[in-house]
Amino acid sequence: MASVVGTFTVDPRSRAAARRRARSEGATGWVFVSPSVLLILGLSVVPVLWSLLLSFQVNDLVSPSEWVGLANYQALLKDPAFGSAVTHTLVYTALYVPLSVVAGLGIAIALDRKIALIGLYRTLVFVPFVVSAAAQGVLFSFVLDPEFGAANSVLHKLGLPAQGFFSDPGQALYLLVAISLWSGTGFCVIVYLAGLQGVSSELVEAARIDGAGRWGVLRHVTLPALAPVTVFLLLFQTINALQVFDLVFVTTKGGPLGSTTVIVYFIWEKAFKTFTAGYSAAAAYTLAVALLVIGVALQVYRRTVNR
Amino acid sequence: MKRLPFSGWHFVLAPLTLLFALPLVWLLISSVMSNAEINRFPPALWPDGIKLDGYRYVLGNALFPQWFRNSLIVSAAAVTANLVLGSLGGYAFARIRFAGSKLVLGLMLATMVIPFQLTMIPTFLVMKQLGLIDTLGALIVPALVTPLSVFLFRQFFVSLPRELEEAAWIDGCGRLRILVSIVLPLARPALSTVAVLTFLATWNDLTWPLIAINSDSTYTLQLGLTTFQGQHHTQWSAVMAGNVITVLPVLLGFLLAQKAFIRSLASTGLKG
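Residues numbered from 1 in each chain as written. Chains lettered and ligands numbered in written order. Predicted model: local features only at pLDDT ≥ 70, side-chain atom pairs only at ≥ 80, totals over all residues. Heavy atoms only, no water.

Within an unreviewed UniProt entry, the label attached to chain B reads Carbohydrate ABC transporter permease, and the organism entered is Kribbella sp. HUAS MG21. In its Sequence similarities (unreviewed entry) section, the UniProt entry covering chain B states "Belongs to the binding-protein-dependent transport system permease family." Quoted straight from UniProt, the Subcellular location (unreviewed entry) entry for chain B says "Cell membrane". (UniProt positions renumbered as here; feature names shortened; annotations may be inferred.)

As annotated in an unreviewed UniProt entry, chain A is Sugar ABC transporter permease from Kribbella sp. HUAS MG21. Recorded under Subcellular location (unreviewed entry), the UniProt text for chain A is reproduced unchanged: "Cell membrane". According to its UniProt record, chain A has this under Sequence similarities (unreviewed entry): "Belongs to the binding-protein-dependent transport system permease family."

Have a look at this one:
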């Protein structure tokens, strides 16, 4: 007979030694995980609770804080700046998420074939994804500069009127969506390409034999097989879109006329520019609860799809 | 190499993918233009020979190389720490039975869904208490280990056959010995995935440096670049040269390790 210690099988003769070993195994386990556990839990659980306390206080990050209960949340509800930040974030998300996922699917299907240069095509689509939002912002501020930018130079050559781009409140938010699509679609493409490898070729064959055309196969075989990937991408892109900040900070700083102030920019501004950290924490909590609701809703949907 | 067939798809794919490449091509082109070419109206779309003024200006500026060094230090520290702490934790969660391991792992994974905006203000206060604000330590400490690193290592180690470790275990090898001399040499895919994801996240981060750093000698490249843009608005070639230098390490790394890179991103995506 053998006894199981840890995860290994040992000779029964050494049972006493094994018991000793089991005890030291537990200690070893804790020694191995404790640096990660302390850092991760310490730097997430403590701040989450601290943030909740902050959201009930008036705090400027320097002087002692004062307890104000729900006043911050009540003020948020009445703050038109917060309202428009929510609107801008929702417009950005409503455009970016479906466009990037649909374009990602389309491009992935187009790239899912063995032809010359296919590796190069895949690389080109994906490369913008690894460029930091700061670098993207600096690059596009230049390309779209009303005076020195290549974009207006091209428009001029085509005989079209020069545009204000980021200085035009009617264009700035949509330009941010376009830049995000340029860099973020590649991620959807790569994830869909990986997903397409998993689509059963026998099922596709069977559908072909049953007389399904290209659209039929796409609708009845490929898309259902990709449903889990699609749900993941919708969730991932939505969470990213609701948290957009770096690109806004570099290109427009929330302007012109507040037209690109998104929620996270609002949170940052309130905490680190106007030093109303309690108010900012209340806004952050509002965003977090919204993200949680979306996350849970999508998980529930995912379960029902997979069933 | 096997010749692949030509297809009508090229007429769709070539222009489409060129659209993705164009802004980056423009980044390179404009970084070697002279300011006169850029400041002309309408600005030139093609440089009249390669001018390295922008690069000379950027590299001659004492701060820019300093920012590069800061970014390198922070990223190297984060990558090293994530590999060491992540593999230790991941191995213990995968192979060692100890009281509370499931609960702690669950808690750690749950923290992945906490948005950074919720923790950034208190993290700033924590770093301030520790006296780390405006030092590279404030950038390094929160990046030392992520739940994703621990999770990726755990998943990889669970999939390794146990038999590999059994002989060493019976010979009386300790867990650390087994991890270092048997498991880690087999874990190259996991090591490279964690290294790639950590490097990308730390090198490209802007939000946290923006909050934690005040003095320009402690800036990272991303942070420096954003202020650089404001100060040198007329020197666009210098701004673009700085941007090339910021993007280049990631781009080169990506092109060198493209397959591993894409596989790691795609698989983390699919598992998420």
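K.L.:
Sorry if this is basic, but what is going on with the overall build of chain B here?
P.N.:
What chain B contains, in helices and strands, is 15 helices and 0 strands. Whereas a compact globule of 272 residues would reach a radius of gyration of roughly 19 Å, chain B reaches 23 Å, over 25% beyond that. Its C-alpha atoms give chain B principal-axis dimensions of roughly 75 × 60 × 30 Å. For chain B, the proportion of its 272 residues judged to be buried stands at 52%. Per element, the accessible surface of chain B, about 12400 Å² overall, is 68% carbon and sulfur. Positive and negative charge centroids in chain B, built from 18 and 10 side chains respectively, lie 9 Å apart. (Helix = DSSP H or I, 4+ residues; strand = E, 2+ residues; numbered from the N terminus. Rg over C-alpha atoms; globule rule 2.2 N^0.38 Å. Buried < 20%, exposed > 50% of the residue type's maximum accessible area, 1.4 Å probe, protein only. Areas by Shrake-Rupley, 256 points an atom, 1.4 Å probe, with all protein chains shown as cover. Lys, Arg positive; Asp, Glu negative; His and termini not counted. Charge placed at Lys NZ, Arg CZ, Asp CG, Glu CD.)

K.L.:
Looking at this structure, I do not really get the nonpolar core. What am I missing?
P.N.:
As a rule of thumb, soluble globular proteins bury nonpolar side chains together. A:Leu111, A:Leu233, A:Trp268, A:Phe272, B:Phe93 and B:Phe157 are the most contacted members of the largest nonpolar core, which totals 180 residues. The dominant element in this core, judged by the number of residues it contributes, is helix α8 (residues 172–197) of chain A, at 16 residues. (Core = buried A, V, L, I, M, F, W, Y, C linked by side-chain atoms within 4.5 Å.)

K.L.:
Mind showing me how you'd approach the pattern of salt bridges here?
P.N.:
Side chains that carry opposite charge are capable of pairing whenever their charged atoms lie near each other. Residues and elements named next belong to chain B. Throughout the structure, instances matching the rule amount to 3 salt bridges over all chains. Between Asp-53 and Arg-56 there is a salt bridge, with its nearest N and O atoms 3.5 Å apart. Taken as a pair, Asp-53 and Arg-56 lie in helix α3 (residues 53–60) at a separation of 3 residues, close to a single helical turn. As a salt-bridge pair, Glu-165 and Arg-95 come within 3.0 Å of each other at their nearest N and O atoms. Residue Glu-165 is found in helix α9 (residues 163–170), and its partner Arg-95 is found in helix α4 (residues 63–95); the two are separated by 70 residues along the sequence. Note on accessibility: Glu-165 and Arg-95 belong to one class, buried. (Salt bridge = Lys/Arg side-chain N within 4 Å of Asp/Glu carboxyl O.)

K.L.:
Mind showing me how you'd approach a nonpolar patch on the surface here?
P.N.:
A contiguous nonpolar surface patch, about 270 Å² in accessible area, is contributed by A:Val154, A:Leu158 and A:Leu160. Relative to the helices and strands, A:Leu160 is located in the loop between α7 (150–157) and α8. (Patch = residues over 30% accessible without salt bridge, like charges linked within 9 Å, V, L, I, M, F, W, Y side chains within 5 Å.)

K.L.:
Help me out: how do you make sense of the UniProt feature "domain: ABC transmembrane type-1" (unreviewed entry) in chain A in this one?
P.N.:
Summarizing the sequence annotation, UniProt attributes the feature "domain: ABC transmembrane type-1" (unreviewed entry) to residues 86–300 of chain A in the numbering used throughout. The distance from the first to the last C-alpha atom of residues 86–300 of chain A is 25 Å, and the span holds 73% helix and 0% strand.

K.L.:
Explain the confidence of the model for chain B to me, please; I cannot follow it from the model alone.
P.N.:
For any part of a model where pLDDT is low, the fine detail of the predicted coordinates should not be relied upon. For chain B, per-residue confidence averages 88 on the pLDDT scale, and 95% of positions sit at 70 or higher. Taken element by element, the predicted model of chain B shows its lowest mean pLDDT in helix α15 (residues 258–271) of chain B (71) and its highest in helix α7 (residues 136–140) of chain B (96). (pLDDT = per-residue confidence, 0-100.)

K.L.:
Sorry if this is basic, but what is going on with the packing of α3(B) against helix α14 (residues 236–256) of chain B here?
P.N.:
When two helices pack together, their arrangement is given by the angle between their axes and by how far apart the axes lie. All names here are of chain B. For the pair α3 and α14, the least separation of the axes is 8 Å and the interaxial angle reads 70°. With respect to α14, the axis of α3 lies roughly perpendicular. On α14, the residues that touch Gly-54, Tyr-55, Tyr-57, Val-58 and Leu-59 of α3 are Ser-237, Ala-238, Ala-241, Gly-242, Val-244 and Ile-245. Broken down by class, the residue content of the contact of α3 with α14 amounts to 8 nonpolar, 3 polar and no charged. (Axes fitted to C-alpha atoms, helices over the stretch in contact; angles between N-to-C directions. Parallel < 35°, antiparallel > 145°, perpendicular 65-115°, else oblique. Contact = heavy atoms within 4.5 Å. Nonpolar A, V, L, I, M, F, W, Y, C, P; charged D, E, K, R; others polar.)

K.L.:
Before we go on, may I ask you to explain the environment of A:Ala116 in this structure?
P.N.:
Residues and elements named next belong to chain A. Turning to its location among the elements, Ala-116 is positioned in the loop between α4 (80–111) and α5 (118–126). In this structure Ala-116 comes out as partly exposed when scored by relative accessible area, which is 24%. Taking the C-alpha atoms as reference points, Ala-116 and Val-130, separated by 14 residues in sequence, lie 24 Å from one another.

K.L.:
Would you explain the interface of chain A and chain B in this entry?
P.N.:
By a frequent convention, interface size equals the accessible area lost on bringing the separate parts together. Counting from both sides, the interface comprises 93 residues of chain A and, opposite them, 98 residues of chain B. Linking chain A with chain B are 1 salt bridge, by the criterion used here. Across the salt bridge formed by B:Arg175 and A:Glu25, the nearest N and O atoms sit 2.8 Å from each other. The interface formed by chain A and chain B contains 13 residue pairs in polar contact (both at pLDDT 80 or more). Looking at the side of chain A that touches chain B, the element that brings in the most residues is helix α1 (residues 15–42) of chain A, giving 14 residues. (Polar contact = N/O pair within 3.5 Å; in protein donor to acceptor, adjacent residues only side chain to side chain.)

K.L.:
Quick question: what am I supposed to make of the UniProt feature "transmembrane region" (unreviewed entry) in chain B here?
P.N.:
All names here are of chain B. On the UniProt side, "transmembrane region" (unreviewed entry) is annotated at positions that read residues 72–94, 103–124, 136–157, 178–201 and 236–257 here. The distance separating the terminal C-alpha atoms of residues 103–124 is 28 Å; by composition the span is 77% helix and 0% strand. Structurally, residues 178–201 comprises 96% helix and 0% strand, and the distance from its first C-alpha atom to its last is 30 Å.

K.L.:
Sorry, what's going on with the side chain of A:Gln237 here?
P.N.:
All names here are of chain A. Inspection of the secondary structure assignment puts Gln-237 in helix α10 (residues 214–242). On the basis of relative accessible area, Gln-237 is assigned to the buried category, the value being 2%. When sequence neighbours within four positions are dropped, the list of residues in contact with Gln-237 reads Tyr-96, Val-97, Ser-100, Val-101, Gly-184, Phe-187 and Cys-188.

K.L.:
Which parts of the structure should I look at to understand α10(A)?
P.N.:
Across its 29 residues, α10(A) extends only 36 Å between first and last C-alpha, which sits more than 12% below the 42 Å expected from 1.5 Å per residue. Along α10(A), the sharpest kink reaches roughly 55°, centred on A:Ala227 and followed within four residues by the proline A:Pro228. (Expected span 1.5 Å × (residues − 1). Bend = angle between axes of the 7 residues up to and from the residue.)

K.L.:
Can you walk me through the UniProt feature "transmembrane region" (unreviewed entry) in chain A in this structure?
P.N.:
All names here are of chain A. With numbering matched to this structure, UniProt assigns "transmembrane region" (unreviewed entry) to residues 29–53, 90–111, 123–144, 172–196, 217–236 and 280–301. For residues 29–53, the helix share is 92%, the strand share is 0%, and the end-to-end C-alpha distance is 34 Å. Strand forms 0% of residues 280–301 and helix 100%; the C-alpha atoms that close the span are 32 Å apart.

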